[in-house]
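Residue-level structure breakdown
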Amino acid sequence: MELRIVASIQAKPEHVDAVAQAVKKVVAPSRAEAGNLQYDLHESLEAPGTFVFFERWASRDVLMEHEATPHFQQLVAELEGKTLGMVITPLRALV
C-alpha cells in the first residue's frame, strides 16, 4: 500500500542556512531510490526556516529502507542540535 509522508522541520534561527543546505542535499538521492514516487521540499512563506517534505513511497517497507540509507542518516546527523522541532505525519489516501 502506498504511504505518504508530510515531514515538517523547524530550524533554530541561528541554523536556518545550515538546515536549508542539509535538507536540500537529501532530495536528489531520495528521488533516485527504488520505490520513491514523490519527494518534494518546500519552505514555509509564513514561517521562514520551516522546511516541509511531501513524500510518497510505494510501501512502508520502502520507507524503512529509505530511513536506513547513508544520505538519510547523514541528514539526521546534520540536523542534530539545529532544530526546534520536527513533525512527521504518515498518511494514506482516502480517495
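The sections below set out a description of the structure shown in this document. Each residue is numbered by its place in its chain's sequence as written, counting from 1. At least 70 in pLDDT is required for a residue's local features to be given in this predicted model, at least 80 for side-chain atom pairs to be given and counted, and no such filter applies to totals for whole chains, interfaces and linings, which use all residues. Heavy atoms throughout the structure, all of them, feed into the side-chain values; hydrogens and water do not.

**Let's talk about the environment of aspartate 40**
By the secondary structure assignment, aspartate 40 is in strand S2 (residues 36–43). Contacts: residue pairs with any heavy atoms within 4.5 Å of one another. Contact partners of aspartate 40, with chain neighbours within four places excluded, come to Arg31, Val52, Phe53 and Phe54. By the criterion applied in these results, polar contacts are pairs of N or O atoms within 3.5 Å in which, for protein atoms, one can donate a hydrogen and the other can accept it, and in which residues neighboring in sequence qualify only through two side-chain atoms. Of the polar contacts made by the side chain of aspartate 40, one reaches the side chain of glutamine 38; its length is 2.7 Å. Strands here are runs of E lasting at least two residues and helices are runs of H or I lasting at least four, both read from the DSSP assignment and numbered beginning at the N terminus.

**Examining the sheet that holds strand S1 (residues 3–11)**
At least two DSSP bridges between two strands are required for those strands to pair. The strand order across the open sheet built from four strands is S2-S3-S1-S4, with neighbouring strands paired in antiparallel fashion. Each edge of the open sheet is held by one strand with a lone partner, namely S2 and strand S4 (83–91). Averaged over all pairs of adjacent strands, the angle between strand axes in this sheet comes to 10°, irrespective of strand direction. The pairing of S2 with strand S3 (residues 50–57) spans seven bridges and is classified as antiparallel. Of the residues in S3, the one forming a bridge with asparagine 36 is tryptophan 57. For helices, the fitted line uses only the C-alpha atoms of the stretch in contact; every axis is such a line through C-alpha atoms, and the angle between N-to-C directions lies from 0 to 180 degrees.

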